[in-house]
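Take a look at the letters that make up each chain.
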Amino acid sequence: MSVNLIEMGKQAKEAAFVLSQLSQREKNQALAFIAEQLEQEQARILAANAQDIENAKQNGLSDAIIDRLLLTPERLQGIANDVRHVISLADPVGQLIDGGVLDSGVKIERVRVPLGVIGTIYEARPNVTIDVASLCLKTGNAVILRGGKETQHSNKILVDVVQTALARAGLPKAAVQAITDPDRALVMGLLKLDQYVDMIIPRGGAALHQLAKEHSTIPVIVGGIGV
């Protein structure tokens, strides 16, 4: 387990260095490829999602949860369109936050820079996989994703699609990686991968936020529940 996570961390760190130096045009080109790839790979994505839906039904999950898991052609198109919306957002990297000139004449400025490697733990919504990947790419950050076990097959194919698009753009595939093994020990391992991961962002309910805060050796950002 640890060898696998350490290797993911190393590759993510190397990818983050590359991403931090990209221009807005280069990042937007990669995002455009991701949107295109999602559309081109629709059949594969929906087939993988159908496996998750079948497993969810066999495990007796509620209709509401199954609906959250479900991808349709319309929903997948919406996800691709969301990626294109991220392209239209302003690039935060390099933005001046504030600054001034000291009495000595030295000019000091605070400028937005990428965090580095982000670890995101989230629950059973496959669209979050693409949302997080696209936002991290836009902001010049590499990401290690850990989605819910209910979306294991969907997440695996979605990350494969993203990595194919990254390769088309000439960027390292390791910029977006996913832990798709449902072993809960891997969550704990990610929370302690402080040698390589710079920030943990849990997205889900209060229990998930609490788990991350209690066990992470990495700074954790928590906001409103579900955000």
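Since this is a predicted model, take the numbers as computed values, not measurements.

1. Section: the overall build of the chain
Moving on, step 1. The number of helices and strands found in the chain is 9 helices and 6 strands.
Moving on, step 2. Over its C-alpha trace the chain gives a radius of gyration of 18 Å, about what one expects of a compact globule, namely 17 Å for 227 residues.
Moving on, step 3. Dimensions of the chain, computed from C-alpha atoms along their principal axes, come out at roughly 70 × 40 × 35 Å.
Moving on, step 4. Across the 227 residues of the chain, 43% fall into the buried class.
Moving on, step 5. Counting only contacts in the chain whose residues sit at least 6 apart along the sequence, the fraction spanning at least 24 positions is 69%.
Moving on, step 6. Counting every atom, the chain has about 11,200 Å² of accessible surface; 53% of that belongs to carbon and sulfur.
Moving on, step 7. Each charge class in the chain can be summarised by its mean position, and for the 23 positive and 25 negative side chains these summaries are 1 Å apart.

2. Let's talk about the side chain of Lys138
Moving on, step 1. You can see Lys138 is positioned in helix α6 (residues 126-138).
Moving on, step 2. For the buried residue Lys138, which engages in no salt bridge, the nearest side chain bearing the opposite charge is Asp91, 6.0 Å off.
Moving on, step 3. Side chain to side chain, Lys138 and Asn28 meet in a polar contact 2.9 Å long.
Moving on, step 4. If we ignore the near neighbours within four places in the chain, the residues touching Lys138 are Lys27, Asn28, Leu31, Val86, Ile87, Leu89, Ala90, Asp91 and Pro92.

3. Things to note about the environment of Glu39
Moving on, step 1. Examined against the element boundaries, Glu39 turns out to sit in helix α2 (residues 24-40).
Moving on, step 2. Excluding residues within four positions of it along the chain, Glu39 makes contact with Gln77, Ala80 and Arg84.
Moving on, step 3. Within polar-contact distance, the side chain of Glu39 engages the side chain of Arg84 at 2.9 Å.

4. Here's the deal with the side chain of Thr72
Moving on, step 1. Structurally, the position occupied by Thr72 is in the loop between α4 (63-69) and α5 (73-88).
Moving on, step 2. Among the residues examined, Thr72 registers a relative accessible area of 18% and is labelled buried.

5. Topic: the packing of aromatic side chains
We describe a pair of aromatic rings using the distance from one ring centre to the other and the angle between the two ring planes.
Moving on, step 1. Within this structure, the stated rule accounts for 0 aromatic pairs.
Moving on, step 2. Between Arg168 and the ring centre of Phe33, over which it is positioned, the NZ or CZ distance is 4.0 Å.

6. What to know about the sheet that holds strand β4 (residues 142-146)
Moving on, step 1. Strand order in the open sheet formed by 4 strands is β5-β4-β3-β6, with parallel pairing between adjacent strands. Unpaired on one side and paired on the other, β5 (176-178) and β6 (199-203) mark the two borders of the sheet. In this sheet, adjacent strand axes meet at a mean angle of 20° when their direction is disregarded.
Moving on, step 2. Alignment of β4 against β5, held across 3 bridges, turns out to be parallel. What sits directly across from Leu145, in β5, is Ala178.
Moving on, step 3. Packed on one face of the sheet, helix α7 (residues 152-168) meets β3 (117-122), β4 and β5 and runs near 160° to β5.

7. Quick look at the packing of α5 against α6
The angle between the axes and the distance between the axes are what describe a pair of packed helices.
Moving on, step 1. Remark: α5 packs on α6, axes separated minimally by 10 Å, with the N-to-C direction vectors making an angle of 15°. With respect to each other, α5 and α6 are oriented roughly parallel. α6 is crossed by α5, and the crossing has right-handed handedness. From α5, Ile79, Asp82, Val83, Val86 and Ile87 reach across to α6, where they touch Asn127, Ile130, Asp131, Ser134, Leu135 and Lys138.
Moving on, step 2. Among the residues forming the contact of α5 with α6, the class breakdown is 6 nonpolar, 2 polar and 3 charged.

Procedures and definitions
- Residues numbered from 1 in each chain as written.
- Predicted model: local features only at pLDDT ≥ 70, side-chain atom pairs only at ≥ 80, totals over all residues.
- Heavy atoms only, no water.
- Helix = DSSP H or I, 4+ residues; strand = E, 2+ residues; numbered from the N terminus.
- Rg over C-alpha atoms; globule rule 2.2 N^0.38 Å.
- Buried < 20%, exposed > 50% of the residue type's maximum accessible area, 1.4 Å probe, protein only.
- Contact = heavy atoms within 4.5 Å.
- Areas by Shrake-Rupley, 256 points an atom, 1.4 Å probe, with all protein chains shown as cover.
- Lys, Arg positive; Asp, Glu negative; His and termini not counted.
- Charge placed at Lys NZ, Arg CZ, Asp CG, Glu CD.
- Salt bridge = Lys/Arg side-chain N within 4 Å of Asp/Glu carboxyl O.
- Polar contact = N/O pair within 3.5 Å; in protein donor to acceptor, adjacent residues only side chain to side chain.
- Phe/Tyr/Trp six-rings, centres within 6.5 Å; stacked < 30°, edge-to-face > 60°.
- Lys NZ or Arg CZ within 6 Å of the ring centre and 35° of its normal.
- Pairing = 2+ DSSP bridges.
- Axes fitted to C-alpha atoms, helices over the stretch in contact; angles between N-to-C directions.
- Parallel < 35°, antiparallel > 145°, perpendicular 65-115°, else oblique.
- Left-handed = near helix turned anticlockwise from the far one by under 90°.
- Nonpolar A, V, L, I, M, F, W, Y, C, P; charged D, E, K, R; others polar.

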